[in-house]
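Residue strings, one per chain:
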Amino acid sequence: MDALCTAIDRRAGLMQKMMDRLNVDLEASALVALGTRLGGAARACFFCRHADECQRWFEAGAADDGYRRFCPNADRFENLPHREAGHATAAMPGRWSDQ
């Protein structure tokens, strides 16, 4: 069970980092289509086979749009509401919100 919790925490943390990197507005996104698009993004991230590549992209500085090569949510995140650059978003609740 620890391995499952660790995997969930890792994927959720990567999703939070990606949403922050792309300035996705978490609160506004949760209201789109009754939250189904954000829920779909969470499921896609959880089942994604590119978590290691995603982590390496962040570790390398995440300076370009290279995430488009591996992120199954690239288009979805682009179509969710965005906040103005430089404005913080509320952290997603859970153990991983401080990562």
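Just so you know, these numbers come straight off a predicted model, no measurement behind them.

Rules used throughout
- Just so you know, the residues in each chain are numbered from 1, in the order the chain's sequence is written.
- In view of the model being predicted, local features appear only for residues whose pLDDT reaches at least 70, and side-chain atom pairs are presented and counted only at 80 or more, with totals across whole chains, interfaces and linings using the full set of residues.
- Think of the side-chain values as coming from all heavy atoms in the structure, minus any hydrogens and water.
- Comment: elements are numbered from the N terminus, with helices defined as DSSP H or I runs of at least four residues and strands as E runs of at least two.
- In this scheme, a residue with accessible area under 20% of its type's maximum is buried, one over 50% is exposed, and one in between is partly exposed, where area comes from a 1.4 Å probe on protein chains only.
- Each accessible area value is a Shrake-Rupley result obtained with a 1.4 Å probe; residue values ignore everything except the protein chains displayed when judging cover.
- Residues grouped as a nonpolar core are buried Ala, Val, Leu, Ile, Met, Phe, Trp, Tyr and Cys residues, joined through side-chain atoms within 4.5 Å.
- Any pair of nitrogen or oxygen atoms within 3.5 Å is treated as a polar contact; in protein, a donor-acceptor pairing is required on top of that, and neighbouring residues in sequence qualify only through side-chain atoms on both sides.
- Looking at any residue, its pLDDT shows the predictor's confidence there, from 0 to 100.
- Working rule for contacts: check all heavy atoms of both residues, and any pair within 4.5 Å makes them a contact.
- Note on geometry: axes are C-alpha line fits, over the in-contact stretch for helices, and angles between N-to-C directions span 0 to 180 degrees.
- Orientation labels follow simple angle bins: below 35 degrees gives roughly parallel, above 145 gives roughly antiparallel, 65 to 115 gives roughly perpendicular, and whatever is left gives oblique.
- Rotating anticlockwise by less than a right angle from the far helix to the near helix defines a left-handed crossing, while the corresponding clockwise rotation defines a right-handed one.
- Residues are grouped as follows: Ala, Val, Leu, Ile, Met, Phe, Trp, Tyr, Cys and Pro are nonpolar; Asp, Glu, Lys and Arg are charged; all remaining types, including Gly, are polar.
- Working definition: rings of Phe, Tyr and Trp (its six-membered ring) pair if their centres are within 6.5 Å, and the pair is stacked with planes under 30 degrees apart, edge-to-face with planes over 60 apart, and tilted otherwise.

## Some remarks on the overall build of the chain
In step 1: Counting secondary structure elements, the chain contains five helices and zero strands.
In step 2: The secondary structure elements of the chain, listed N-terminal to C-terminal, are α-α-α-α-α.
In step 3: Across the 99 residues that make up the chain, the buried fraction comes to 36%.
In step 4: Taken as a whole, the chain presents about 6200 Å² of accessible surface, with 53% of it coming from carbon and sulfur.

## Looking at the nonpolar core
In step 1: Met 15, Met 18, Met 19, Trp 57, Phe 58, Tyr 67 and Phe 77 are the most contacted members of the largest nonpolar core, which has 21 residues in total.
In step 2: Taken together, the elements giving at least two residues each to this core come down to helix H1 (2–21), helix H3 (36–47), helix H4 (51–59) and helix H5 (74–78).

## Things to note about the side chain of Arg 83
In step 1: Looking at the element boundaries, Arg 83 is found in the segment after H5.
In step 2: Among the polar contacts listed, one links the side chain of Arg 83 to the backbone oxygen of Val 24, at a separation of 2.9 Å.

## Quick word on the confidence of the model for the chain
In step 1: Here the chain averages 88 in pLDDT, while 85% of its residues score no lower than 70.
In step 2: When mean pLDDT is taken per element in the chain, H4 scores highest with 97 and H1 scores lowest with 95.
In step 3: Note that pLDDT drops below 50 for residues 89–99; the model gives that stretch 24 contacts with residues more than four away or on any other chain.

## Here's the deal with the packing of H1 against H3
A pair of packed helices can be characterised by two numbers: the angle between their axes and the separation between those axes.
In step 1: Where H1 contacts H3, the axes come no closer than 9 Å and their chain directions differ by 125 degrees. Relative to H3, the element H1 lies oblique. Crossing hand, H1 versus H3: right-handed. In contact with Leu 4, Ile 8, Arg 11, Met 15 and Met 19 of H1, H3 contributes Leu 38, Ala 41, Ala 42, Cys 45, Phe 46 and Phe 47.
In step 2: Taken together, the residues that form the contact of H1 with H3 break down as 10 nonpolar, no polar and one charged.

## Quick notes on the packing of aromatic side chains
For any pair of aromatic rings, the description rests on two quantities: the centre-to-centre distance and the angle between the ring planes.
In step 1: Considering all chains together, one arrives at four aromatic pairs under this definition.
In step 2: Between Trp 57 and Phe 70, the aromatic rings sit 6.2 Å apart at their centres with planes inclined by 70 degrees, giving edge-to-face as the arrangement. In this pair, Trp 57 sits in helix H4 while Phe 70 sits in the loop between H4 and H5, placing the two residues 13 residues apart along the sequence.
In step 3: Among the residues examined, Trp 57 registers a relative accessible area of 8% and is labelled buried.
In step 4: Put simply, the rings of Trp 57, Phe 58, Tyr 67 and Phe 70 pair up and form one aromatic cluster.

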